[in-house]
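Chains, contacts and geometry: an overview
Here is how the chains run, residue by residue.
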Amino acid sequence: MRITKSFAETRAASLGTVGLVPTMGFLHEGHLSLITAARQASDTVVMSMFVNPLQFDRDDDLVRYPRDLERDVELATAAGADIVFAPELEEMYPQEQFTRVIVNQLSDELEGPNRPGHFEGVATVVAKLLAGIQPDRSFFGRKDAQQLAIVRRMATDLSMPGEIVGVPIVREADGLALSSRNVFLSAEERAAALALSRGLMRAADLAGGGEREGSALSAAVHNEVGDSLEVEYVTLAGQDLVQPLETLDRPAFLALAAWAGETRLIDNIHFDSDEFVADRGTRLTERSVLYGTGEI
Ligand code: AMP
């Protein structure tokens, strides 16, 4: 395992085909599954860890975002990464960043209106990582479905070489989608948050039984959650353009955002094939590394 701080050093250390896994660190099994996917397809696996100020729409979220490089390097090494690229702010943004990448239309719905500037920050930093590291393949979680669509579209629109690969959501054993922010949940908030994945699984069951109405699928989630959390949206959207859909008639995902106390959570299920069999993600059988050895 090698820790690099500059793009030049990272490129020099990358031999053969390169798989890139961009993250903001504070790793959990969702991130580690991206390393596993990258490992299978690449000679060198580079995991980047950078808490990107450009994509935070709230200063308090940026300040309190969890960070622990030593822990992350240990986990990334065990999962099979060759290089951890952990740049300082000066490497990523050596001067005022005048250039921004904006993927029109795909940012208009779901997370876009709720997080002004977020996707512009994401697309810009991913463009910089792709330009600076020049990977053959880059791996992104389906957890951030809209981000995945935006990155794909950006890469195509800007003729960026290399493949963008989407990887299924990893969930805890009880269904909660893994997120670095889960460490902030109190026991009560965590228990309430389980309604989100339960609702999505219920919607997956309905779709499996032939339900095609977006409003019926969303209602399944709302019914499960009730007023135990503050729900921002539950929306069925197309996988490529992230446009809200009335009917499940193309590859789509049912996405939601909700607040558990001060913590904002997102989750989704994907509908892929002609039969719209849901990708419900995978589940851990053991307790997540997120919680260390302490009590949840
Ligand atoms: P983040 O560090 O939160 O920016 O996430 C880095 C990458 O990990 C993104 O591509 C996310 O979509 C992905 N990711 C985060 N959580 C999960 C999860 N539970 N399952 C799969 N991928 C995830």
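Residues numbered from 1 in each chain as written. Predicted model: local features only at pLDDT ≥ 70, side-chain atom pairs only at ≥ 80, totals over all residues. Heavy atoms only, no water.

**Some thoughts on the nonpolar core**
The biggest cluster of nonpolar side chains holds 40 residues, and the ones touching the most others in it are Met 92, Val 126, Ile 133 and Met 154. Mapped by element, the contributors of at least two residues to this core are helix H1 (7-13), strand S2 (18-23), strand S4 (83-85), helix H7 (118-133), helix H8 (145-157), strand S8 (230-238) and strand S9 (252-260). With 9 residues, H7 is the largest single contributor of residues to this core. Here this core spans two domains, and each of domain 1 (2-167) and domain 2 (180-291) adds at least three residues to it. The contact partners of Val 126, leaving out residues within four places of it in the chain, are Phe 140, Val 151 and Met 154. Counting 37 residues, the second-largest nonpolar core is a separate cluster that includes Phe 26, Val 234, Leu 284 and Leu 290. (Core = buried A, V, L, I, M, F, W, Y, C linked by side-chain atoms within 4.5 Å. Buried < 20%, exposed > 50% of the residue type's maximum accessible area, 1.4 Å probe, protein only. Helix = DSSP H or I, 4+ residues; strand = E, 2+ residues; numbered from the N terminus. Domains from an automatic or database assignment. Contact = heavy atoms within 4.5 Å.)

**Looking at the domain arrangement of the protein chain**
By the assigned domains, the protein chain splits into domain 1 (2-167) and domain 2 (180-291). Distance from the C-alpha centre of domain 1 to the C-alpha centre of domain 2: 24 Å. Of the residues lining the interface, 28 residues belong to domain 1; the matching set on domain 2 comes to 30 residues. Applying the counting criterion to the domain 1 and domain 2 interface returns 4 salt bridges. For the salt bridge of Arg 181 with Asp 61, the shortest nitrogen-to-oxygen distance reads 2.9 Å. Looking at the side of domain 1 that touches domain 2, the elements with two or more residues in it are helix H2 (29-41), helix H3 (59-64), helix H4 (69-79), helix H6 (111-114) and H8. Top element by residues in the side of domain 1 that touches domain 2 is H8. It accounts for 4 residues. Split by residue class, the side of domain 1 that touches domain 2 holds 10 nonpolar, 6 polar and 12 charged. (Salt bridge = Lys/Arg side-chain N within 4 Å of Asp/Glu carboxyl O. Nonpolar A, V, L, I, M, F, W, Y, C, P; charged D, E, K, R; others polar.)

**Concerning the site of the ligand**
Surrounding the ligand, one finds 17 residues, the nearest of these being Met 24, Gly 141, Asp 144, Val 170 and Leu 178. Note that an oxygen atom of the ligand is positioned 2.9 Å from one of the backbone N or O atoms of Met 24. For the ligand, an oxygen atom lies 3.1 Å from a polar atom in the side chain of His 31. In the complex, 92% of the free accessible area of the ligand, which totals 480 Å², lies under the protein chains. Those elements that provide at least two residues to the shell around the ligand are S2, H2 and strand S5 (137-141). When residues in the shell around the ligand are grouped by element, the largest group, 3 residues, is from H2. (Near = heavy atom within 4 Å. Polar contact = N/O pair within 3.5 Å; in protein donor to acceptor, adjacent residues only side chain to side chain. Areas by Shrake-Rupley, 256 points an atom, 1.4 Å probe, with all protein chains shown as cover.)

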